[in-house]
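Okay, here's what each chain looks like letter by letter:
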Amino acid sequence: MKELEDRILKDGVVLGGEVLKVDNFLNHQIDPKLMQSIGNEFADYFSDKGITRIVTIESSGIAPAVFAGLALGVPVVFARKQKSLTLTDELYSTEVYSFTKNATSTIVISKKFLDKTDRILLIDDFLANGQAAKGLIRLCKAANAQVMGVGIVIEKSFQIGRQLLEEENYDVYSLARIRAFEEGQVKFVEKEME
Ligand code: 5GP
């Protein structure tokens, strides 16, 4: 998605440890117009999948997910990173390891908000090693809901996430695919290589 790639080149900051900081439009300050374009793009791509609900993870997945939900006319549920262990009977829960934080957290979704009849679109801000996406898939599976696809705003294609999801036959649609960081510069996957 050209608009997103241009914005990454303009405002993205490459940090050490293979992390891209995009807090100017996605991870801290949010650009609603860009999020709307992103949401529309996901909605177009997954329009024929009969999506009934979008599932994402707090906090940075919420903005793109809400705009996709608006465009598809479906509700959006975000998995919470749980701090307390209250009411676990009412929740689907799983552990997710985050390499950016070097920590494992428990993510939960209320049983009220996932149903076995659901056809789910997963959305997240970044795809790196795929652990967040796989955690969300486990929550959906626990509810016997079907995951129809995975929409990612920024994929770091040099990490293993896409491969792990494709091995399980998930349709991964990423709006920007980063091939490498070279001397602090973002290099995208060439279109013909996709
Ligand atoms: P994964 O679970 O695929 O390894 O990582 C995805 C999660 O880690 C995303 O939800 C995102 O919050 C965070 N993440 C991974 N890589 C980056 C990055 O380069 N920049 C930012 N801002 N977040 C990242």
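The written sequence of each chain sets the order in which its residues are numbered from 1. Reporting in this predicted model follows two pLDDT cut-offs: at least 70 for local features of residues, and 80 or more for side-chain atom pairs to be given and counted; totals over whole chains, interfaces and linings ignore these cut-offs and use all residues. Side-chain numbers come from the whole structure's heavy atoms, not from hydrogens or water.

Quick look at the sheet that holds strand E9 (residues 172-182) now. Here eight strands make up an open sheet; going across it, the order is E5-E6-E4-E3-E7-E8-E9-E10 and the pairing mixed. The two strands at the open ends of the sheet, each matched to only one other strand, are strand E5 (91-98) and strand E10 (185-188). For this sheet, the mean angle separating the axes of adjacent strands, direction not counted, is 30 degrees. Across four bridges, E9 lies against E10 in antiparallel orientation. Bridge pairing in E10 links Ile178 to Phe188. When DSSP finds two or more bridges between a pair of strands, those strands are recorded as paired. A helix here means a DSSP run of H or I that spans at least four residues, while a strand means a run of E at least two residues long, and both kinds are numbered starting from the N terminus. To obtain an axis, a line is fitted to C-alpha atoms, over the contacting stretch when the element is a helix, and the angle between two such axes runs from 0 to 180 degrees between their N-to-C directions.

UniProt positions are given in the numbering used here, feature names are shortened, and annotations may be inferred rather than shown by experiment. Sequence positions flagged by UniProt for "binding site: 5-phospho-alpha-D-ribose 1-diphosphate" (unreviewed entry) are, in local numbering, Ala128, Asn129, Gly130, Gln131 and Ala132. With respect to the element layout, Asn129 can be found in the loop between strand E7 (119-127) and helix H4 (131-142). The contact definition used throughout considers only heavy atoms, calling two residues in contact when any of these lie within 4.5 Å. Non-local contacts of Asn129, meaning those with residues more than four positions away in its chain, are made with Phe99, Gln159, Ile160, Gly161 and Leu164. Here Gly130 lies in the loop between E7 and H4.

With that settled, the discussion passes to the site of the ligand. Each residue is tested against the molecule or strand, and it is near if at least one of its non-hydrogen atoms lies within 4 Å. Around the ligand there are 16 residues in total, and Leu20, Asp124, Asn129, Gly130 and Ala132 lie nearest to it. Residue Ala128 places a main-chain N or O atom 2.8 Å away from an oxygen atom belonging to the ligand. Between N or O atoms, a polar contact is any pair within 3.5 Å; within protein, one atom must be a potential hydrogen donor and the other a potential acceptor, and residues adjacent in sequence are included only when both atoms are from side chains. Within the side chain of Lys156, a nitrogen or oxygen atom sits 2.8 Å from an oxygen atom of the ligand. Calculation of accessible area relied on Shrake-Rupley with a 1.4 Å probe; when residues are assessed, cover is drawn exclusively from the protein chains displayed. Contact with the protein chains removes 87% of the 500 Å² of surface that the ligand exposes when unbound. When residues of the shell around the ligand are traced back to their parent elements, those giving at least two are strand E2 (19-21), E7 and H4. Among the elements that line the shell around the ligand, the one with the most residues is E7, at four residues. Side-chain classes follow a simple rule in which Ala, Val, Leu, Ile, Met, Phe, Trp, Tyr, Cys and Pro form the nonpolar group, Asp, Glu, Lys and Arg form the charged group, and the remainder, Gly included, forms the polar group. In terms of residue class, the shell around the ligand is made up of seven nonpolar, five polar and four charged.

The next point concerns the UniProt feature "binding site: xanthine" (unreviewed entry) in the protein chain. In the numbering used here, UniProt assigns the "binding site: xanthine" (unreviewed entry) feature to Leu20, Asn27 and Lys156. Structurally, Asn27 can be placed in the loop between E2 and helix H2 (32-45). Using a 1.4 Å probe on the protein chains alone, a residue whose accessible area is under 20% of its type maximum counts as buried, one over 50% counts as exposed, and one in between counts as partly exposed. According to the relative accessible area criterion, Asn27 is partly exposed, its value standing at 29%. Beyond its immediate stretch of four places on either side in the chain, Asn27 contacts Val22, Ser60, Asp125 and Phe126. Position of Lys156 relative to the elements: it lies in strand E8 (residues 146-156). Taking the relative accessible area as the measure of exposure, Lys156 reaches 3% and is therefore buried. With sequence-adjacent residues up to four places away left out, Lys156 is seen in contact with Glu18, Val19, Phe99, Phe126, Leu127, Ala128, Ile178 and Phe181. A distance of 2.8 Å separates a polar atom in the side chain of Lys156 from the backbone oxygen of Glu18.

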